[in-house]
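One-letter residues, chain by chain:
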Amino acid sequence: MAIASQESDERIAYVACQGWGCHEHCTLKTFVKDGKVVRTERMILKGSQAERYSLCQKGIMAGRLPYLPERILHPLKRIGERGEGKFEQISWDQAIEEISAKINEATEKHGSRSVLMNLFPCGLTNNTTGSLPYALAVRFSHTFDASVLAAPPVDMAGNQSCIADFGDMIIYFHQNTYYWRVHRPNYMLIWGGNPIGWSRAASSSRTFLEMQEKGTKIVDVGIFYDTTAAKADQFVKINPGTDAALALSMANVIISEGLYDEDFLTKHTVAPFLVREDNGQFLRRRDVQSQEEMAHAVRMAAGGSSGISQGYLTGVTEGQDSSDIVEDYVAWNITPGRPLFVPAHVTDIDGCPDLLASVTIKGIACKTSFLKLKEHVSKWTPESQEAVTGVPAAVASKVVHEYVASRPSATYIYYGMRYMNAGQSARAVDLLPILSGNLGEKNGRLMTGALGDGHNVGLDFGIVAPDFELANVKGTAANLDEVLASFEDPEKQQYKVFINCFSNPVLNWPNRQLWTEKVFPHMDLIVVNELRDTDTTAFADYVLPEAGPFEREEIGVPLGDCIVHLGAAIEPQGEAKDPAFIWSSIAKRVGIGEYFDKTNEEWLRFKLDTTQDPALTELDPPVTLDRLREEKIIRLNVPDEVDDCWEAMDFITPSGRIEFYREELSDIGVPMASYVPPRIRDPRMKKKYPLQFFPGRSRFFMQGQFTEIPELRDLAGNKSTVGMNPATAFERGIGEGDAVEVFNDRGAAQALAHLTEALPPGMALLWYAYPAKDYLTDPPTVLSSPLGTAETNDAFGTECMQMRFKAAGPIPITLINPQCASNETYWDDLCDVRKLPVA
Ligand SMILES: Nc1nc2c(c(=O)[nH]1)N[C@H]1C(S)=C(S)[C@@H](COP(=O)(O)OP(=O)(O)OC[C@H]3O[C@@H](n4cnc5c(=O)[nH]c(N)nc54)[C@H](O)[C@@H]3O)O[C@H]1N2
Ligand SMILES: Nc1nc2c(c(=O)[nH]1)N[C@H]1C(S)=C(S)[C@@H](COP(=O)(O)OP(=O)(O)OC[C@H]3O[C@@H](n4cnc5c(=O)[nH]c(N)nc54)[C@H](O)[C@@H]3O)O[C@H]1N2
Ligand code: SF4
Ligand SMILES: [Mo]
């Protein structure tokens, strides 16, 4: 019975996996012995979905993270040049004193907004339910009135398409792929991304494979033969960045062959609404009725008129007055032909709208947005798209016909389309579930960028502040291009202090030179709050060691249905401190101590005691920290069913409907999804650099994390390689294992060649996430475009963010996770490869 007694010495704690940024949100059942983590296992929750968790290799190895040599154990002060990575160990007192003094100095000279905070939380565990490191950093920015750097342009395909089509992104990001294990579709279109066995390596991979086993056909649209393609029933290989052309041709098939769901389009989309030919705006009641007519309509409604012909004579919904109705949308009744007025957020139209109407009312020529879409997509047929996408016409036609005929069919768009035109590509793919009505099917739906935490339980995301009036929230958002512009113009807000928390921009926010040469030299102080040595800490003046997920106590709602006591598995290593210590210490010395009067534990109690969310407040006995410490996992008061964000079909777009036609975008020429060639297809550029540069994410790392764990490094091959099709290599005289240089005008990186038929000719793939110190020369991202600058901004990106802020209403910008108004171009740069001379 030695085994039993050995086991009885072990303590169990639950810890959020540090690879949480893969959006699987796995939680590690962590076994602790003699104060050390010995192993991690998957965790079993409570309720009908208790078994939904799995772990990937990273979760199984995560217990190594606290003990790695790269771990930062003490506060550090730079002694070498920035970038050299030479530091001395100092005391917390000295670190806090010196940092605070510099913040005060910058504030005196340039105002508190000269403090620029990078708070991008993707790589932070428990980020979607308001973990304390995030919440307190945000609280600091709000109380200090600092500038918060708008998040880097990542994952823009889903961000922009959700904003344009459905009003915002966050609502749709809480979806979990587990949903499809319960509501299995007949057909699954995975478009742009590599979820199976790679980017969604745990529960989601299981979902897809289980679905397939039960009969769902999986079709994957991608550019190379990745792990998802290998598992799919059909792989559709497409030329990089050309997805909109294929998707628009499929939309054309659905419309021209009458395969669309008229009822769905009429109720839930802007399809019936007339658009003015003169200005591209939706026709409004004020355009066709006089003040008098509208006032009359309101009176009629108030008097309880007969109801016959209501649409024409009154069309006034209960509760509307003459000031609301001016904005009503206008549809066209089939017989008799007459306008139908439709207020925003009303689904049932009183009449029989003609989806294909083209009419002139009061001298204004109009067409329905559906007719406009029909005309817009008509140039893209399965045949015409072939030259652009490389997808044979017969394949395009077969896929769309099967997708429609297999209803309910589902669509999963992930983030693989990382090109300047990503938002347009994803909007085009959105048309398939919208037009076919599969979006309205319980066993169909669309997932775009699912963050995966299901029921969105409000534990005060990002602010820890029911004590806080929204009006008191200070601070502002700053785009990187504004920051860069400020260096050229002393009249503008100057930025002098850079505080970076839980992200690694020098590695992950291309390009590297942007930070090291353009931003950092202007900063009087760079503070990095980290767990480990990174490419960004190398440039810090001070590094503050934070207690990691195993070490600090937290509460979290990993998948939306259970609240879990997290962390506190082991003591903080070295002198690492919890976030309450770090932020309170600085706050006291920069004049905002009153807002930071609690310890980590007190914040957790406060958070639980003040929450207003019925998922928690209606539990009996109430969830206190003591109860949670005891029970570890408590089932929340949420429905047993998986969360379904599409259920209500009420959208926060201006019309309350799905807006595949967006009037705000008509002035910039893209009211509807359009094919815009990606930059890598520009013939002039291609002449100079013929290959697509693809710095992709590694299977065994989570962005820049896990790269130090020896076992995972071994799995990943221990070094970055340049993947190439043999034909591409042969043209350049390159063989397997040759040392090569990948280069373009921005820079060059060296690695060994790896030849593989899995990649199409014309690309060079580097798994990018190894730190700079692993390369003999520069790391690969020196070749990438500088994201978030004028080079990657455009009118569409800017307009998307404007629409997002407008939809959010009066909420302070820093509370809605401001994101760069630019596009991501991770795969949208060109390069060439040459063999290096043998040394
Ligand atoms: N192992 C691991 N998992 C991760 C991460 C990690 O670093 N490592 N990172 C996490 C994060 S932050 C994110 S955002 C997600 C991203 O996860 P995904 O979106 O799934 O992955 P990406 O690496 O962006 O996408 C790469 C895939 O996109 C496809 N692709 C590339 N270009 C095109 C194109 O033009 N058209 C189409 N249709 N497909 C194309 C390729 O076939 C390629 O396999 O992964 C998360 N999961
Ligand atoms: N070339 C290239 N670049 C890319 C991508 C790509 O595919 N190719 N993918 C892009 C995408 S989609 C994303 S989302 C971004 C991700 O970019 P990042 O968010 O920068 O990604 P990570 O490498 O996960 O960085 C998270 C950092 O936070 C630290 N950290 C983790 N937990 C804590 C904590 O509790 N406290 C503190 N203080 N620190 C913590 C980790 O040690 C790690 O260094 O990268 C983007 N960059
Ligand atoms: S890295 Fe692996 S174990 Fe960790 S959350 Fe992602 S899938 Fe789960
Ligand atoms: Mo991401």
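Just so we're clear, the structure is a prediction, and the values are computed from it rather than from any experiment.

A.B. asks: So what about the overall build of the chain? Which residues, and what values?
C.D. replies: Assigned secondary structure in the chain consists of 30 helices and 30 strands. Looking at the chain as a whole, 62% of its 839 residues are labelled buried. The long-range fraction of contacts in the chain, counting pairs at least 24 apart against all pairs at least 6 apart in sequence, stands at 75%. With the model as given, the accessible surface of the chain reaches about 30300 Å², and the carbon-plus-sulfur share is 51%. Charge centroids of the chain, computed over 81 positive and 112 negative side chains, lie 3 Å from each other.

A.B. asks: Let's hear about the site of ligand 2: which residues, and what values?
C.D. replies: As a matter of local geometry, ligand 2 sits amid 28 residues, with Asn 508, Glu 530, Arg 532, Glu 546 and Arg 552 nearest to it. Asn 529 places a main-chain nitrogen or oxygen 3.0 Å from a nitrogen atom of ligand 2. The separation between an oxygen atom of ligand 2 and a polar side-chain atom of Arg 552 is 2.8 Å. A total of 920 Å² of accessible area belongs to ligand 2 in isolation, and the protein chains cover 99% of it.

A.B. asks: Any chance you could break down the packing of helix α5 (residues 156–166) against helix α19 (residues 422–436) for me, citing the residues and the numbers?
C.D. replies: Running from N to C, α5 and α19 cross one another at 55°; their axes reach a closest spacing of 8 Å. One element, α5, and the other, α19, form an angle in the oblique class. Where α5 crosses over α19, the two elements pack in a sense that is right-handed. Taking contact as the criterion, the partners of Met 156, Ala 157, Gln 160, Ser 161, Ala 164, Asp 165 and Phe 166 in α5 are, on α19, Ala 422, Gly 423, Ala 426, Arg 427, Asp 430 and Ile 434.

A.B. asks: Give a description of the side chain of Arg 635 that names residues and reports values.
C.D. replies: Position of Arg 635 among the secondary structure elements: in strand β24 (residues 633–635). A polar side-chain atom of Arg 635 sits 3.5 Å from the main-chain carbonyl oxygen of Pro 639. Ignoring anything within four residues of it in the chain, the contact list for Arg 635 reads Lys 46, Gly 47, Asp 561, Cys 562, Leu 619 and Asp 640.

A.B. asks: With reference to specific residues and values, describe the site of ligand 1.
C.D. replies: Surrounding ligand 1, one finds 34 residues, the nearest of these being Asn 194, Asp 226, Arg 697, Phe 701 and Gln 703. Within the backbone of Ser 698, a nitrogen or oxygen atom sits 3.0 Å from a nitrogen atom of ligand 1. When ligand 1 is considered free in solution it has 920 Å² of accessible area, and contact with the protein chains removes 98% of it.

A.B. asks: Tell me about the sheet that holds strand β15 (residues 364–368), and name the residues and values.
C.D. replies: The strands that make up a sheet pair up through hydrogen bonds in the backbone, lying either parallel or antiparallel. Strand order in this open sheet of three strands is β11-β15-β14, and the pairing throughout is antiparallel. A single partner strand is all that each edge strand has here, and the edge strands are β11 (274–276) and β14 (358–361). Across the sheet, the mean angle from the axis of one strand to that of its neighbour is 35°, orientation sign disregarded. Where β14 meets β15, four bridges bridge the pair, whose relative direction is antiparallel. In the strand pairing of β15, Val 359 is matched with Cys 366. Sitting on the sheet, helix α16 (residues 369–377) touches β11, β14 and β15, and the angle it makes with β15 is about 75°.

A.B. asks: Can you break down the pairing of β15 residue by residue, with the values?
C.D. replies: Along β15, four of the five residues are buried, which leaves the element largely enclosed by surrounding structure. Sheet topology note: the β11/β15 ladder contains three bridges and is antiparallel. Within the sheet, the bridge partner assigned to Arg 276 lies in β15 and is Cys 366. Linking β14 back to β15 in an antiparallel pair, the connection comprises two residues, with Lys 362 at a positive phi of about 45°.

A.B. asks: Describe the side chain of Thr 40, naming the residues involved and giving the relevant values.
C.D. replies: You can see Thr 40 is positioned in strand β3 (residues 36–42). A distance of 2.8 Å separates a polar atom in the side chain of Thr 40 from the backbone oxygen of Gly 59. Engagement of the side chain of Thr 40 in a polar contact is seen with the backbone oxygen of Ile 60, the distance being 3.1 Å. Once residues within four sequence positions are removed from consideration, Thr 40 is found in contact with Leu 28, Lys 29, Thr 30, Leu 55, Gly 59, Ile 60, Gly 63 and Phe 550.

A.B. asks: Got a sec to walk through the environment of Ser 425? Specific residues and values, please.
C.D. replies: Relative to the elements of secondary structure, Ser 425 occurs in helix α19. A relative accessible area of 1% places Ser 425 in the buried class. In this structure the C-alpha to C-alpha distance between Ser 425 and Ala 157, which are 268 residues apart in sequence, comes to 7.1 Å.

A.B. asks: So what about the sheet that holds strand β25 (residues 691–694)? Which residues, and what values?
C.D. replies: Taken in spatial order, the six strands line up as β25-β29-β26-β28-β27-β30 and close into a barrel, and their pairing is mixed. Taken pair by pair, the neighbouring strands of this sheet meet at an average axis angle of 45°, ignoring direction. As defined by bridge partners, β25 adjoins strand β29 (residues 763–766) across three bridges and the pair is classed as parallel. Of the residues in β29, the one forming a bridge with Gln 692 is Met 763.

A.B. asks: Tell me about the state of the cysteines, residues and numbers included.
C.D. replies: Enumeration over the complete set of coordinates arrives at zero disulfides. Of the cysteine sulfurs around Cys 352, a residue in no disulfide, the closest is that of Cys 366, at 19 Å. Overall, Cys 352 belongs to the partly exposed group, its relative accessible area being 45%. The closest cysteine sulfur to the non-disulfide-bonded Cys 562 is located on Cys 26, 15 Å from its own sulfur.

A.B. asks: If you had to explain the environment of Met 702 to someone new, which residues and values would you point to?
C.D. replies: Here Met 702 is to be found in the loop between β25 and α28 (710–715). For the pair formed by Met 702 and Gly 21, sequence separation is 681 residues and the distance between their alpha carbons is 7.3 Å. Contacts of Met 702, omitting those with residues within four sequence positions, involve Gly 19, Gly 21, Cys 22 and Lys 58.

A.B. asks: Describe helix α24 (residues 600–610), listing the residues and the values that go with them.
C.D. replies: If you check which residues of α24 are buried, you get Asn 600, Trp 603, Leu 604, Phe 606, Lys 607 and Leu 608. In this fold, the buried residues of α24 make contact with α4 (132–144), β22 (553–556), β23 (562–567), α23 (579–589), α25 (614–617) and α26 (625–631).

A.B. asks: Tell me what's going on with the pairing of strand β19 (residues 497–501), and back it up with residues and numbers.
C.D. replies: For β19, a buried count of five out of five residues is recorded, marking the element as mostly surrounded by other parts of the structure. Burial along β19 is two-sided: Val 497, Ile 499 and Cys 501 and Phe 498 and Asn 500, pointing in opposite directions, are all buried. Bridge analysis of strand β6 (residues 115–118) against β19 gives four bridges, and the strand direction is parallel. Bridge pairing in β19 links Leu 116 to Phe 498. In this structure, β19 lies alongside strand β20 (residues 525–530), joined through five bridges in parallel fashion. Bridging across to β20, Val 497 finds its partner in Leu 525.

A.B. asks: Hey, could you go over the nonpolar core for me, with residue numbers and the actual values?
C.D. replies: Within the largest apolar cluster, 141 residues are counted, with the highest numbers of intra-cluster contacts made by Phe 166, Trp 191 and Trp 515. The element best represented in this core is helix α10 (residues 243–256), accounting for ten residues. Dropping the residues within four chain positions of it, Trp 515 is found in contact with Leu 149, Leu 480, Phe 498, Pro 505, Val 506, Trp 509, Phe 520 and Pro 521. In this structure, Ala 95, Ile 96, Cys 501 and Val 527 belong to the second largest nonpolar core, which totals 53 residues.

A.B. asks: Outline α5, supporting the account with residue identities and numerical values.
C.D. replies: The buried fraction of α5 amounts to eleven of the eleven residues, a majority that puts the element mostly inside the structure. Residues of α5 that are buried: Met 156, Ala 157, Gly 158, Asn 159, Gln 160, Ser 161, Cys 162, Ile 163, Ala 164, Asp 165 and Phe 166. Residues of α5 that are buried in the fold lie against α6 (170–173), α19, β17 (446–448) and α30 (795–808). Once α5 finishes, Gly 167 follows within two positions and takes phi at roughly 105°, a positive value.

Conventions adopted
- Residues numbered from 1 in each chain as written.
- Chains lettered and ligands numbered in written order.
- Predicted model: local features only at pLDDT ≥ 70, side-chain atom pairs only at ≥ 80, totals over all residues.
- Heavy atoms only, no water.
- Helix = DSSP H or I, 4+ residues; strand = E, 2+ residues; numbered from the N terminus.
- Buried < 20%, exposed > 50% of the residue type's maximum accessible area, 1.4 Å probe, protein only.
- Contact = heavy atoms within 4.5 Å.
- Areas by Shrake-Rupley, 256 points an atom, 1.4 Å probe, with all protein chains shown as cover.
- Lys, Arg positive; Asp, Glu negative; His and termini not counted.
- Charge placed at Lys NZ, Arg CZ, Asp CG, Glu CD.
- Near = heavy atom within 4 Å.
- Polar contact = N/O pair within 3.5 Å; in protein donor to acceptor, adjacent residues only side chain to side chain.
- Axes fitted to C-alpha atoms, helices over the stretch in contact; angles between N-to-C directions.
- Parallel < 35°, antiparallel > 145°, perpendicular 65-115°, else oblique.
- Left-handed = near helix turned anticlockwise from the far one by under 90°.
- Pairing = 2+ DSSP bridges.
- Disulfide = S-S within 2.5 Å.
- Core = buried A, V, L, I, M, F, W, Y, C linked by side-chain atoms within 4.5 Å.

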